Amino acid sequence: MHLLFDLTGKTALVTGASGGLGQGIALGLAEAGADVVCVSYTSSEETAARIEALGRKASAIEADLSRHDALQSVFDESLKLTGQIDILVNNAGIIRRTPAKDHSEKDWFDVIDINLNTVFLLSQIAARPMLERGSGKIINICSMLSFQGGINVPGYTASKHGVAGLTKAFANEWAQSGLQVNAIAPGYMSTDNTAPIRADEKRTASITERIPAGRWGTAEDLKGPAVFLASSASDYLNGHILCVDGGWMAR
């Protein structure tokens, strides 16, 4: 059974791997045996060093993924370093918190660009060789706001609804060719993105009370789900959005 989850011999490209959930996912894949290319706007050298300490190969690429003309070169550089990308994790994302009536055009387009457009374009690029050889895994990072509206985050909510839709659209076209596309929807996680919320004691308490698990999630909580979706254990899972939320959506 353990061989179903074994990623030995596989190589993953993880975006937004410099810290937070992306770092946790990258480490989890490495712990399951994968080599990892870490791509981030800031340095991912710390993540790469931690992966190498596990005995796996790791590379760190700094790139502005909102520059669409750079995505092909990022993927090509990853191929030069590894020879093949078996797993793509579209984790990189940003959030801008402003009431909808004040949400600037710049904030809207910045969020949609990195959270949705980059996911579409990088998935296209990675899928082409995967479809040619008839195997591959793409894991998108959704959100509870792929299902709900949220407060003061209209751009983020729209982008994460879009990522959920893309996950299903890609799966419909690519599943028959041996490429599985699925997503993880984290619940409330203790990351830099949620720092403004966690700074509000009253709101933090009300959120925690609603989580059946009684706590916020951490990057460690995404390791297992990511390994599952990256491994042969999920070969018949297509277009699924896996909520890792401590039971939030069940409440």
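Residues numbered from 1 in each chain as written. Predicted model: local features only at pLDDT ≥ 70, side-chain atom pairs only at ≥ 80, totals over all residues. Heavy atoms only, no water.

## Considerations on the packing of helix α3 (residues 71-82) against helix α4 (residues 105-133)
Between α3 and α4, the shortest axis-to-axis distance is 10 Å and the interhelical angle comes to 40°. As far as their axial angle goes, α4 and α3 are oblique. Here the hand of the crossing between α3 and α4 comes out right-handed. On α4, the residues that touch L71, Q72 and F75 of α3 are T118, L121, L122, I125, A126 and P129. Grouping the constituent residues of the contact of α3 with α4 by class yields seven nonpolar, two polar and no charged. (Axes fitted to C-alpha atoms, helices over the stretch in contact; angles between N-to-C directions. Helix = DSSP H or I, 4+ residues; strand = E, 2+ residues; numbered from the N terminus. Parallel < 35°, antiparallel > 145°, perpendicular 65-115°, else oblique. Left-handed = near helix turned anticlockwise from the far one by under 90°. Contact = heavy atoms within 4.5 Å. Nonpolar A, V, L, I, M, F, W, Y, C, P; charged D, E, K, R; others polar.)

## Concerning the packing of helix α1 (residues 20-31) against helix α8 (residues 223-230)
Put simply, α1 and α8 touch, their axes get as near as 8 Å, and they point 60° apart. Judged by the inter-axis angle, α1 sits oblique to α8. When you trace α1 past α8, the crossing you get is right-handed. In contact with G24, I25, L27, G28, L29 and E31 of α1, α8 contributes K223, A226, V227 and A230. In the contact of α1 with α8, the residues fall into six nonpolar, two polar and two charged.

## Some points on the pattern of salt bridges
Enumeration over the complete set of coordinates arrives at 12 salt bridges. As a salt-bridge pair, D110 and R96 come within 3.1 Å of each other at their nearest N and O atoms. Here the residue D110 occupies a position in helix α4, and R96 occupies one in the loop between β4 (87-90) and α4, the gap between them amounting to 14 residues. The exposure class of D110 is partly exposed, given its relative accessible area of 23%. If you follow the salt bridges from partner to partner, you end up with R96, K106, D107 and D110 in one network. (Salt bridge = Lys/Arg side-chain N within 4 Å of Asp/Glu carboxyl O. Buried < 20%, exposed > 50% of the residue type's maximum accessible area, 1.4 Å probe, protein only.)

## Side note on the side chain of K223
Position of K223 among the secondary structure elements: in helix α8. At 2.9 Å, the side chain of K223 and the side chain of E31 are in polar contact. Here E220 takes part through its side chain, which lies 3.0 Å from a polar atom of the side chain of K223. For K223, the residues in contact, after removing those within four places along its chain, are G24, L27, G28 and E31. (Polar contact = N/O pair within 3.5 Å; in protein donor to acceptor, adjacent residues only side chain to side chain.)

## Comments concerning α1
The terminal C-alpha atoms of α1, which comprises 12 residues, lie 17 Å apart, in line with the 16 Å expected from a rise of 1.5 Å per residue. Counting buried positions along α1 gives 10 out of 12 residues, so the element sits mostly inside the fold. Of all the residues in α1, the buried ones are L21, G22, Q23, G24, I25, A26, L27, G28, L29 and A30. In the segment just after α1, G33 is the residue with positive phi, at about 115°. (Expected span 1.5 Å × (residues − 1).)

## Some thoughts on the sheet that holds strand β2 (residues 35-40)
Strand order in the open sheet formed by seven strands is β3-β2-β1-β4-β5-β6-β7, with parallel pairing between adjacent strands. Looking at which strands have only one partner, the edges of the open sheet turn out to be β3 (58-62) and β7 (241-244). Ignoring strand direction, the axes of neighbouring strands in this sheet form an average angle of 15°. Here six bridges tie strand β5 (residues 136-141) to strand β6 (residues 179-186), and the two strands are oriented parallel to one another. Within β6, the position partnered with K137 by the bridge is Q180. Together, β2 and β3 form the strand contacts of helix α2 (residues 45-53), whose direction differs from that of β3 by roughly 175°. α4 contacts β1 (11-15), β4, β5 and β6 of the sheet and is inclined by roughly 175° relative to β4. (Pairing = 2+ DSSP bridges.)

By themselves, these are just geometric observations and shouldn't be taken as functional.
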